[in-house]
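Chain and residue survey
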Amino acid sequence: RLCQRIKLQLGRPVFNYASEGVIGMREVGLYNFLTDFALRRPTIDSRGGAGSEAVDIDSVSRWTADALGPVNLTVDLGEPKEAWCIRVVFPSTIPAKGFQLAVANSTDPLLTWAPDESYTVTDVYPANFQSDVYTLRRINARYVRLVLLSTTHPTYAVRMFKVYGGTNYALNQSALAQNSWDHNPSKTLDGNHSSFWLAEPFATASRLQVDLQEEYFIAGGI
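Worth saying up front: this structure is predicted, and the values here are computed from it rather than measured.

**Overview of the packing of aromatic side chains**
Overall, the coordinates contain eight aromatic pairs when judged by the stated rule. Ring centres of F99 and Y125 lie 4.6 Å apart, and the angle between their planes is 15 degrees; this geometry places the pair in the stacked category. Separated by 26 residues along the polypeptide, F99 in strand β9 (residues 98-104) and Y125 in strand β10 (residues 120-125) bring together distant segments of the chain. Pairing W113 with Y143 gives two aromatic rings, centres 6.1 Å apart and planes at 45 degrees, and the pair type is tilted. Of the two residues, W113 sits in the loop between β9 and β10 while Y143 sits in strand β11 (residues 132-150), which places them 30 residues apart along the sequence. With a relative accessible area of 0%, Y143 lands in the buried category. The structure contains a cluster of three or more aromatic residues connected by ring pairs, namely Y31, F33, W84, Y134 and Y164. Across the ring face of Y119, the terminal group of R145 is positioned such that the distance to the ring centre comes to 3.9 Å.

Spelled out as structure tokens, the structure:
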């Protein structure tokens, strides 16, 4: 459906500020899934094989490796990219149980692959049983790595390895909030993850409305 305003209903505070339970928010982002920085990019695994099946356009193809030990699957985005989500799709019958996500950076166009010691782990999944895993994580990186650590099956397999980026449609738009206490609700749309908005103390519910200024199609693609 076409939509110009997004309303977020907030409730049940789980964090404390000045010893009081409060409702608050740092940032609201609204993106689509059309920009995949990993699509058809060079990919390699730590066994020396190519991982192109994980980054192609075919959702049925898969990259595989035996599970005799940990295996890395790394994609080179070509240059540092601002991304907001990493998606890993395993075959439904053989999801990896333990895995990590890591990133590295380089602006050297002559560098083929970053050395292992330059990677920083961003997310750890010690007991996963999901076949389609979305990791909402803001990164600025050229290399994105999937580190497969354990599985209940004799092989690892990945159908899709995606790194989503693109426009934040909510950035610097208008915001209205119910029961505000501290900081303007516009702080949730300023792109600064250090700023925030808080509802009034003791509030058990609040509401934040974002005006996108024009209509967007809101459905499976956004």
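**Some words on the pairing of strand β13 (residues 160-165)**
Taking burial as the measure, the six residues of β13 include six buried ones, the bulk of the element. Side chains M160, K162 and Y164 project from β13 onto one buried face, and the interleaved F161, V163 and G165 project onto a second face that is buried too. Where strand β5 (residues 35-36) meets β13, two bridges bridge the pair, whose relative direction is antiparallel. Residue pairing in the sheet places D36 in a bridge with Y164 of β13. Bridge analysis of strand β8 (residues 71-89) against β13 gives six bridges, and the strand direction is antiparallel. Pairing of V89 across the sheet is with M160, part of β13.

What counts, and where the lines are drawn
Residues numbered from 1 in each chain as written. Predicted model: local features only at pLDDT ≥ 70, side-chain atom pairs only at ≥ 80, totals over all residues. Heavy atoms only, no water. Phe/Tyr/Trp six-rings, centres within 6.5 Å; stacked < 30°, edge-to-face > 60°. Helix = DSSP H or I, 4+ residues; strand = E, 2+ residues; numbered from the N terminus. Buried < 20%, exposed > 50% of the residue type's maximum accessible area, 1.4 Å probe, protein only. Lys NZ or Arg CZ within 6 Å of the ring centre and 35° of its normal. Pairing = 2+ DSSP bridges.

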